[in-house]
Amino acid sequence: MGFNAGGGNTIGSHNIFIGTESGISNTIGNYNCFLGFHTGISNIEGSNNIFLGYEAGNDNKGSYNTFVGSQAGRSNTSGSHNFFAGTEAGWGNIDGGWNTYVGLYAGRESVSSFSNVSIGTFAGQNNQRSQNVFVGFNSGTSSNSGASVAIGFNAGQNMSGDMNTCLGYSAGQYANGHFNVIIGSQAGQNLTGVDNVIIGQQAGMIAKRSNIIIGNYAAKTRWANWRLYIDVMDQD
């Protein structure tokens with residue numbers, strides 16, 4: 001339904017195409033539902049997809065995807081088993097699969113990542129790694145981290161390293177290291193270390209290796225290695 005909607009369909013069946021040139025290239029794809037201007041316009045053989053919104057799934061040739069929102073999943077070609085909801089959510093994804101991106105620009109420009117969950121405006125934008133959970137405004141944006149969890153406003157933004165857990169406002173922002181647990185507002189911000197447990201507001205901001213740091217501002221401005229550090233208001 002709509003100008004040239006499903007116009008190229010040959011043997012594809014059980015499809016619904018509604019909108020100008022929606023599904024126009026579909027020839028053998030089955031069980032698709034495309035609603036909106038240019039939705040799934042390049043889809044040829046992709047099946048079991050749902051695209052809703054202006055140019056959602058525009059370049060898609062993959063299967064088992066759900067894209068909801070203006071240009072959601074627009075660049076997806078062979079990626080499958082993705083769920084993108086929000087304006088330009090997953091825009092730029094090409095062959096990544098098994099991702100869930102929810103929010104304005106969530107997961108945008110993440111090209112080949114797999115098994116990520118990014119929820120929130122800009123969450124996981126430009127993340128190129130896999131198996132992450134980013135929840136919160138700008139969480140995990142431009143991170144180079146795999147198998148990590150970042151929850152909170154700006155949590156894990158520009159973070160590098162694998163298997164980190166960051167909870168709190170800007171927790172682990174710009175951090176560079178592996179196997180860290182960082183909890184608290186701005187905790188572990190800018191740290192360059194591994195195997196740390198950091199709990200407290202602005203705690204362990206320059207921690208190094210194998211520390212347990214507990215308390216607001218604890219070890220905020222002191223290098224710490226192989227230490228149990230419990231303190232409050234350590235700002236000298």
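Before reading further, recall that the structure is shown in the block above.
Residues numbered from 1 in each chain as written. Predicted model: local features only at pLDDT ≥ 70, side-chain atom pairs only at ≥ 80, totals over all residues. Heavy atoms only, no water.

Q: Lay out the overall build of the protein chain with the relevant residues and their values.
A: When you go through the protein chain residue by residue, the secondary structure sums to 0 helices and 14 strands. Reading the protein chain from its N terminus to its C terminus gives the helix and strand order β-β-β-β-β-β-β-β-β-β-β-β-β-β. Overall, the C-alpha framework of the protein chain stretches about 70 × 20 × 20 Å when taken along its three principal axes. Buried positions account for 51% of the 236 residues belonging to the protein chain. Nonlocal contacts in the protein chain, meaning residues at least 24 apart in sequence, comprise 0% of its contacts between residues at least 6 apart. When the accessible surface of the protein chain is summed, it comes to about 9,500 Å², and 60% of that surface belongs to carbon and sulfur atoms. The average position of the 9 basic charges and that of the 12 acidic charges among the side chains of the protein chain differ by 10 Å. (Helix = DSSP H or I, 4+ residues; strand = E, 2+ residues; numbered from the N terminus. Buried < 20%, exposed > 50% of the residue type's maximum accessible area, 1.4 Å probe, protein only. Contact = heavy atoms within 4.5 Å. Areas by Shrake-Rupley, 256 points an atom, 1.4 Å probe, with all protein chains shown as cover. Lys, Arg positive; Asp, Glu negative; His and termini not counted. Charge placed at Lys NZ, Arg CZ, Asp CG, Glu CD.)

Q: So what about the pattern of salt bridges? Which residues, and what values?
A: Here the structure, examined in full by the defined rule, presents 5 salt bridges. Salt-bridge contacts for E55 lead to R74; the nearest nitrogen and oxygen are separated by 2.8 Å. Of this pair, E55 sits in the loop between β3 (50-52) and β4 (66-68) while R74 sits in the loop between β4 and β5 (83-85); the two residues are 19 residues apart in sequence, bridging distant segments of the chain. With a closest N to O distance of 2.9 Å, D162 and R129 form a salt bridge. (Salt bridge = Lys/Arg side-chain N within 4 Å of Asp/Glu carboxyl O.)

Q: So what's going on with unusual backbone geometry? Which residues, and what values?
A: You will see that E109, though not glycine, has its phi angle at about 70°, which is positive. Within the secondary structure, E109 sits in the loop between β6 (100-102) and β7 (117-119).

Q: Give a detailed account of the packing of aromatic side chains, specifying residues and quantitative values.
A: Centre-to-centre distance and the angle between the planes together describe a pair of aromatic rings. Applying the stated criterion across every chain, the model contains 10 aromatic pairs. Where F84 meets Y101, the ring centres are 4.9 Å apart and the plane angle is 10°; that geometry is what we call stacked. Here Y101 lies in strand β6 and F84 lies in strand β5, a separation of 17 residues in the sequence. Here F84 and Y101 have matching classes, each one buried. Ring centres 5.6 Å apart and planes at 20° place the aromatic pair F153 and Y169 in the stacked group. With a gap of 16 residues between them, F153 in the loop between β9 (149-151) and β10 (165-167) and Y169 in the loop between β10 and β11 (181-183) connect regions that are remote in the sequence. On the accessibility criterion, F153 (37% relative accessible area) is partly exposed. In this structure Y169 comes out as partly exposed when scored by relative accessible area, which is 42%. Stacked on the ring of W91, the Lys or Arg R108 has its end atom at 4.1 Å from the ring centre. (Phe/Tyr/Trp six-rings, centres within 6.5 Å; stacked < 30°, edge-to-face > 60°. Lys NZ or Arg CZ within 6 Å of the ring centre and 35° of its normal.)

Q: Describe the environment of T121, and please don't skip the residues or the numbers.
A: Summarising the element assignment, T121 is placed in the loop between β7 and β8 (133-135). Judged by its relative accessible area of 25%, T121 is partly exposed. A C-alpha to C-alpha distance of 26 Å links T121 and I199, two positions 78 residues apart in sequence. Not counting residues up to four positions away in its chain, the partners in contact with T121 are L104, G136, F137 and N138.

Q: I'd like a description of the side chain of N138, backed by residues and values.
A: Note on placement: N138 falls in the loop between β8 and β9. Not counting residues within four places of it along the chain, the set of residues in contact with N138 comprises T121, F122, A123, N154 and Q157.

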